[in-house]
Amino acid sequence: MNSIAYLALGSNMGDRELNLLRAVAEIGKIRDVRITALSGFYDTEPVGPVTQDPFINAVLRCEISLGPHQLLDELQRIETGVFRRSRDIPQGPRTMDLDILFFDDLVISDDRLTIPHPRLHQRRFVLVPLCEIAPDLVHPLIRDSVKTILDSLPAGERVVRV
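Not measured: the values here are computed from a predicted model. (Residues numbered from 1 in each chain as written. Predicted model: local features only at pLDDT ≥ 70, side-chain atom pairs only at ≥ 80, totals over all residues. Heavy atoms only, no water.)

*Asks:* Describe the overall build of the protein chain, and please don't skip the residues or the numbers.
*Replies:* For the protein chain, the helix and strand inventory stands at four helices and eight strands. In the protein chain, the order of α-helices and β-strands from amino to carboxyl end is β-α-β-β-β-α-β-β-β-α-α-β. Against the globule reference of 15 Å for 162 residues, the protein chain gives a C-alpha radius of gyration of 15 Å, in line with a compact fold. When each of the 162 residues of the protein chain is scored for burial, the buried share is 48%. (Helix = DSSP H or I, 4+ residues; strand = E, 2+ residues; numbered from the N terminus. Rg over C-alpha atoms; globule rule 2.2 N^0.38 Å. Buried < 20%, exposed > 50% of the residue type's maximum accessible area, 1.4 Å probe, protein only.)

*Asks:* Explain the pattern of salt bridges to me, using residue names and the numbers behind them.
*Replies:* Applying the stated criterion across every chain, the model contains nine salt bridges. Note that Asp-151 is salt-bridged to Lys-147, the shortest N-O span being 2.9 Å. Of the two residues, Asp-151 and Lys-147 are both situated in helix H4 (residues 146-152); the distance of four residues between them amounts to about one turn of the helix. Three or more residues joined by partner-sharing salt bridges are found here, namely Arg-16, Asp-43 and Arg-158. (Salt bridge = Lys/Arg side-chain N within 4 Å of Asp/Glu carboxyl O.)

*Asks:* Please provide a residue-by-residue account of the packing of helix H1 (residues 16-29) against helix H2 (residues 68-82), values included.
*Replies:* At a minimum axis distance of 10 Å, the contact between H1 and H2 shows a crossing angle of 130°. Relative to H2, the element H1 is oriented oblique. Taken as a pair, H1 and H2 cross one another with a handedness that is right-handed. For the pair formed by H1 and H2, the contact residues are Arg-22, Glu-26 and Ile-27 on the first element and Leu-75, Ile-78 and Val-82 on the second. Its residues placed into classes, the contact of H1 with H2 shows four nonpolar, no polar and two charged. (Axes fitted to C-alpha atoms, helices over the stretch in contact; angles between N-to-C directions. Parallel < 35°, antiparallel > 145°, perpendicular 65-115°, else oblique. Left-handed = near helix turned anticlockwise from the far one by under 90°. Contact = heavy atoms within 4.5 Å. Nonpolar A, V, L, I, M, F, W, Y, C, P; charged D, E, K, R; others polar.)

*Asks:* Can you lay out the pairing of strand S1 (residues 3-11) for me, pointing to particular residues and giving the numbers?
*Replies:* The buried fraction of S1 is high, at eight of nine residues. The sheet contact formed by S1 and strand S4 (residues 55-64) spans nine bridges and is antiparallel. The residue of S4 that forms the bridge with Leu-7 is Leu-60. Here S1 pairs with strand S5 (residues 97-103) via six bridges, running antiparallel. In the sheet register, Ala-8 faces S5, and the bridge partner there is Asp-99. (Pairing = 2+ DSSP bridges.)

Here it is as structure tokens:
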């Protein structure tokens, strides 16, 4: 294993907690991936233009031998194949949403993938669980730690540990 990736998990349809546990198990089955940390689960309010039910969110850290695009392919396979996710409504309800937050200190921006995740520094529902497992992790573009970024966010977004 030669890279470290941080992944965000979220669900707001069906049994949200069970969906996250199942997603962790599915990620753990990916060849050349070893989960090394998992945050607690957080009940969070949805962010964005679509009215929808609250989410359960978490973040995990894994050691990985795959490249970032291979990891993306595997995560999308889990979303669609295991959780039957459809992308009919942008930012709409979903049984499972899996995002790559960081992959080592890589900065990638192409037609398929953006790393670091482009909005993670604005999202308390990502930063709270990420800070739980990696508070000193430094964002390669912002050049501040996850804890510093979280502390700089205005209050407002509800994020409650389950």
